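What follows is the residue order along each chain.
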Amino acid sequence: MDMTRHAVVTGASSGIGEAIARRLLADGWQVTGLSRSAPAISGAGFAHRPADLADPASLEAALQGLTATALVHAAGLMGAQPLGSLDHARGATMWQVHVQAAALLADRLAPAMPEGGRIVLLGSRTANGAAGRSHYAASKSALTGLSRSWAAELAPRGITVNLVSPAATDTPMLRDPARAHSVPKLPPIGRLIRPEEVAATVAFLLAPDAAAITGQNIVICGGSSL
Ligand SMILES: NC(=O)c1ccc[n+]([C@@H]2O[C@H](COP(=O)([O-])OP(=O)(O)OC[C@H]3O[C@@H](n4cnc5c(N)ncnc54)[C@H](OP(=O)(O)O)[C@@H]3O)[C@@H](O)[C@H]2O)c1
């Protein structure tokens, strides 16, 4: 087991982030999870640092003294309202958690990342636009600009940056009352995406075999994009 591989995983307390943290631990990584609530993950190799990613000061404090060979930004929240009843406060929080926190995380962790380092951001299949989900889609589509810019910046250092964009995935987010106006669509494969399937893709992107994949958006949609 190579204990020098250390991943910082945001959103490790639930859903996709938790599945990613568990998968990386099983693969022999050390993992530091960032979230407000404590994850139900235990065992050697895992540490939790409480952080509110909507609050830059809280995130800065959680990042003190941290270095990483990989960053996976899975923390996120949904909000779905049609025009005429947009929730602007929720929209600002989505922008803070999805975009500003990603920028702060990468700004703090990328400079000391070694060759072979990895950054993966969780996007969404709906980032190209979805009725009733404009704030969410906008904050996720902004990750394209961040990830492709960082991929270009970091390629000469052997560090890759990619987006992983799932369709409806079976996590607590699907049952969030804040999305009551926009029910999730069942993918054509006839079932929801499993968080473990997203985690497997992230694990591959973090592995040496994925060293030539950078600046890409890997869509895991069960046919929803067809
Ligand atoms: N589920 C889907 O269908 C789907 C589809 C496409 C993309 N995604 C994306 O995948 C990512 C994970 O979603 P999920 O479905 O796993 O959601 P989830 O089960 O609701 O988990 C969300 C995670 O984000 C963390 N989080 C939210 N706000 C935070 C804040 N202010 N500070 C720190 N952590 C915060 C939560 O931790 P605490 O509450 O403990 O802070 C939790 O660990 C998100 O970026 C989401 O947009 C999900």
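As named in an unreviewed UniProt entry, the protein is Oxidoreductase, taken from Teichococcus deserti. UniProt, in its Sequence similarities (unreviewed entry) section for the protein, records the words "Belongs to the short-chain dehydrogenases/reductases (SDR) family."

Trainee: Quick one: what's the story with the sheet that holds strand β6 (residues 160–166), residue by residue and with numbers?
Mentor: The strand order β3-β2-β1-β4-β5-β6-β7 describes an open sheet built from seven strands, whose pairing is parallel. Two strands bound the open sheet, and with one partner strand each, they are β3 (46–50) and β7 (217–220). In this sheet, neighbouring strand axes are inclined to one another by 15 degrees on average, regardless of whether the strands run parallel or antiparallel. Examined bridge by bridge, strand β1 (residues 6–10) and strand β2 (residues 30–35) share five bridges and lie parallel to one another. Directly across from His6, in β2, lies its bridge partner Gln30. Where helix α1 (residues 15–26) meets the sheet, its contacts fall on β1, β2, β3, β4 (70–73) and β5 (118–122), and the angle it forms with β1 comes to roughly 165 degrees. Lying on the sheet, helix α5 (residues 195–206) is in contact with β1, β4, β5, β6 and β7; it crosses β6 at an angle near 170 degrees.

Trainee: I'd like a rundown of the site of the ligand, residues and numbers included.
Mentor: Around the ligand, the surrounding shell holds 27 residues, and the nearest of these are Gly15, Arg36, Gly76, Thr171 and Met173. The residue makeup of the shell around the ligand, split by class, is 14 nonpolar, 11 polar and two charged.

What counts and how
- Residues numbered from 1 in each chain as written.
- Predicted model: local features only at pLDDT ≥ 70, side-chain atom pairs only at ≥ 80, totals over all residues.
- UniProt positions renumbered as here; feature names shortened; annotations may be inferred.
- Pairing = 2+ DSSP bridges.
- Helix = DSSP H or I, 4+ residues; strand = E, 2+ residues; numbered from the N terminus.
- Axes fitted to C-alpha atoms, helices over the stretch in contact; angles between N-to-C directions.
- Contact = placed C-beta atoms within 7 Å.
- Near = placed C-beta within 6 Å.
- Nonpolar A, V, L, I, M, F, W, Y, C, P; charged D, E, K, R; others polar.

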